[in-house]
Amino acid sequence: MMPAPTDGYSSHGRTGGPGPAPGSGSDPDPQGKPAGTDIRRRNNITVTGRADGPVLLLAHGFGCDQNMWRLVVPMLEEDFRLVLFDYVGSGRSDPSAWSEQRYSSLEGYASDVLDVCEELDLRDVIFVGHSVSAMVGVLAAAEAPHRFSRLVMVAPSPRYIDEDGYRGGFGADDIGELLESLESNYLGWSAAMAPVIMGNADRPELGQELTTSFCATDPEMARVFARATFLSDSREDLKTVAVPTLVLECTHDVIAPREVGAYVNAAIPGSHLVTLEATGHCPQLSAPQATVVAITDFIEAAR
């Protein structure tokens, strides 16, 4: 696991602060963010759906942005208030707010989530996190439990590297080679890996969409996010989950094999595991209707 930055984020109970954002020229306020930070612009926040509906906060994974939810949004917005955003360093977020110190660990991304919640004063949030964002949601809920009512983990993995008694899907050498390839030729890595991650070889347009998303990310920011993702170990953090939780997995996923879904389900008491009739790592794109049905059924059952 990558060591966490030495400075934390006092806005959410951690000591210290990350310092001013690059190029901001302003001192951090007592909450650990640069004075005058516009969170809505920084994280490109989008709010849609029913104003009085339950809040779904949709968090994208590595190399993606909020556009990855575009197929499920029309099916959810009739019943829910949807909040979408981009992590700093992704999508249309403000790149001047990025710092390697903050975003070299998953805690930095969890701080983005909590900043969004604070900015919109969100309560009883149903957090829907794809891939690594499932673990980001676990961290955010542990830090501010009063803001979250449920977790939905879409293709989660608490650790990608195999260990005795645990299968994450990759050997340590595999992850080392993946990161080396990504860092030496990010565009080439994206073109090669995105279709593999997406799966669904019979639907090449899906792989191309993920490739385009990866290639739109700044390579340096992607390098830092990749290391924070693929070297993370959030297994102990699963023990902190104290809200109803849905674990969504696909029948075949090279990034998060089914052994991982079973592990997460077993580690979170009372969690519900659903195996979608879908393949690949992005069911919100490859099987949006099945994904929506699983989420809405879970929310209705938990009421």
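Nothing here was measured: the structure is a model prediction, and the numbers come from that model.

**Q** Quick one: what's the story with a negative patch on the surface, residue by residue and with numbers?
**A** Taken together, the side chains of Asp162, Asp173, Asp174, Glu177 and Glu180 define an acidic patch exposed on the protein surface. In this structure, Asp173 sits in helix 6 (residues 172–184). The exposed category is assigned to Asp173, whose relative accessible area is 62%.

**Q** Talk me through the packing of aromatic side chains; I want residue IDs and the actual numbers.
**A** The final tally for this structure, using the stated rule, is 14 aromatic pairs. Pairing Tyr87 with Phe225 gives two aromatic rings, centres 6.2 Å apart and planes at 80°, and the pair type is edge-to-face. Taken together, the residues Tyr87 in the loop between strand 3 (81–84) and helix 3 (100–103) and Phe225 in helix 9 (residues 219–230) connect sequence positions 138 residues apart. For Tyr87, a relative accessible area of 0% puts it in the buried group. Taking the relative accessible area as the measure of exposure, Phe225 reaches 4% and is therefore buried. Ring plane angle 15° and centroid distance 4.2 Å describe the contact between Tyr109 and Phe225, whose orientation is recorded as stacked. With a gap of 116 residues between them, Tyr109 in helix 4 (residues 106–120) and Phe225 in helix 9 connect regions that are remote in the sequence. Each member of the pair, Tyr109 together with Phe225, is buried. Aromatic ring contacts, followed pair by pair, group Phe62, Phe85, Tyr87, Tyr103, Tyr109, Tyr160, Tyr186, Trp189, Phe214, Phe225 and Phe230 into a single cluster. Over the ring of Tyr166 we find Arg235; its NZ or CZ atom is 4.9 Å from the centre of that ring.

**Q** Can you break down the side chain of Ser157 residue by residue, with the values?
**A** Considering the arrangement of structural elements, one finds Ser157 in the loop between strand 5 (148–154) and helix 6. A polar contact of 3.1 Å, which involves the side chain of Ser157, links it to the backbone oxygen of Arg159. If near-sequence neighbours (up to four positions away) are discounted, Ser157 is found in contact with Met135, Tyr166, Ala256 and Val260.

**Q** Residue-level account of the pattern of salt bridges, with values.
**A** With the rule as written, the count across this model stands at 20 salt bridges. For Arg159, the salt bridge goes to Glu163, with nearest N and O atoms at 3.5 Å. With a relative accessible area of 39%, Glu163 lands in the partly exposed category. For Glu220, the salt bridge is made with Arg223, and the minimal N-O distance between the two is 2.6 Å.

**Q** Summarise the side chain of Arg42; cite the residues concerned and give the values.
**A** Here Arg42 is to be found in helix 1 (residues 39–42). Reaching out from Arg42, the side chain makes a polar contact with the side chain of Asp112 at a distance of 3.3 Å.

**Q** Tell me what's going on with helix 9, and back it up with residues and numbers.
**A** Here helix 9 contains twelve residues, and its C-alpha end-to-end distance of 16 Å stays within 8% of the 16 Å for a straight helix at 1.5 Å per residue. Buried-residue contacts for helix 9 involve helix 3, helix 4, helix 5 (132–143), helix 6 and helix 7 (186–198). The backbone nitrogen of Glu220 lies 2.9 Å from a side-chain oxygen of the residue at the head of helix 9, namely Asp218.

**Q** Pulling in residues and values, what's your account of the nonpolar core?
**A** The nonpolar side chains of a soluble globular protein tend to be buried with one another. Core analysis: the largest hydrophobic core is formed by 71 residues, its most contacted members being Leu57, Phe62, Val113, Phe148, Met153, Leu210 and Phe214. Not counting the four nearest positions on each side in its chain, Met153 is found in contact with Gly129, Ala134, Met135, Val138, Leu238, Thr245, Leu246, Val247, Leu248, Val264 and Ile268. Leu82, Leu246, Cys250 and Ile299 belong to the second largest nonpolar core, which has 24 residues in total.

**Q** Quick rundown of the sheet that holds strand 4 (residues 125–130)? Include the residues and the values.
**A** The seven strands lie next to each other as 1-3-2-4-5-6-7, forming an open sheet whose pairing is mixed. Two strands bound the open sheet, and with one partner strand each, they are strand 1 (46–49) and strand 7 (272–279). On average, each strand axis in the sheet is tilted by 20° relative to the strand beside it, whichever way the strands run. Bridging between strand 2 (residues 55–59) and strand 4 involves four bridges; their strand directions are parallel. Counterpart to Ala59 in the pairing with strand 4 is Gly129. Lying over the sheet, helix 10 (residues 258–267) contacts strand 5, strand 6 (245–252) and strand 7, oriented at roughly 165° with respect to strand 6.

**Q** For the environment of Val136, give the residues involved together with the corresponding values.
**A** If you trace the backbone, Val136 turns up in helix 5. The sequence separation of Val136 and Ser105 amounts to 31 residues, and the corresponding C-alpha distance is 9.8 Å. Excluding residues that lie within four positions of it along the chain, Val136 makes contacts with Tyr87, Leu106, Tyr109, Ala110 and Val113.

**Q** Can you break down the environment of Leu178 residue by residue, with the values?
**A** Residue position: Leu178 is located in helix 6. Taking the relative accessible area as the measure of exposure, Leu178 reaches 9% and is therefore buried. Separated by 15 residues in sequence, Leu178 and Met193 place their C-alpha atoms 9.4 Å apart. Look past the residues within four positions of Leu178 in its chain and what remains in contact with it is Trp189, Met193 and Phe230.

Each value, and the rule that gives it
- Residues numbered from 1 in each chain as written.
- Predicted model: local features only at pLDDT ≥ 70, side-chain atom pairs only at ≥ 80, totals over all residues.
- Heavy atoms only, no water.
- Patch = residues over 30% accessible without salt bridge, like charges linked within 9 Å, V, L, I, M, F, W, Y side chains within 5 Å.
- Areas by Shrake-Rupley, 256 points an atom, 1.4 Å probe, with all protein chains shown as cover.
- Salt bridge = Lys/Arg side-chain N within 4 Å of Asp/Glu carboxyl O.
- Lys, Arg positive; Asp, Glu negative; His and termini not counted.
- Charge placed at Lys NZ, Arg CZ, Asp CG, Glu CD.
- Helix = DSSP H or I, 4+ residues; strand = E, 2+ residues; numbered from the N terminus.
- Buried < 20%, exposed > 50% of the residue type's maximum accessible area, 1.4 Å probe, protein only.
- Phe/Tyr/Trp six-rings, centres within 6.5 Å; stacked < 30°, edge-to-face > 60°.
- Lys NZ or Arg CZ within 6 Å of the ring centre and 35° of its normal.
- Polar contact = N/O pair within 3.5 Å; in protein donor to acceptor, adjacent residues only side chain to side chain.
- Contact = heavy atoms within 4.5 Å.
- Expected span 1.5 Å × (residues − 1).
- Core = buried A, V, L, I, M, F, W, Y, C linked by side-chain atoms within 4.5 Å.
- Pairing = 2+ DSSP bridges.
- Axes fitted to C-alpha atoms, helices over the stretch in contact; angles between N-to-C directions.

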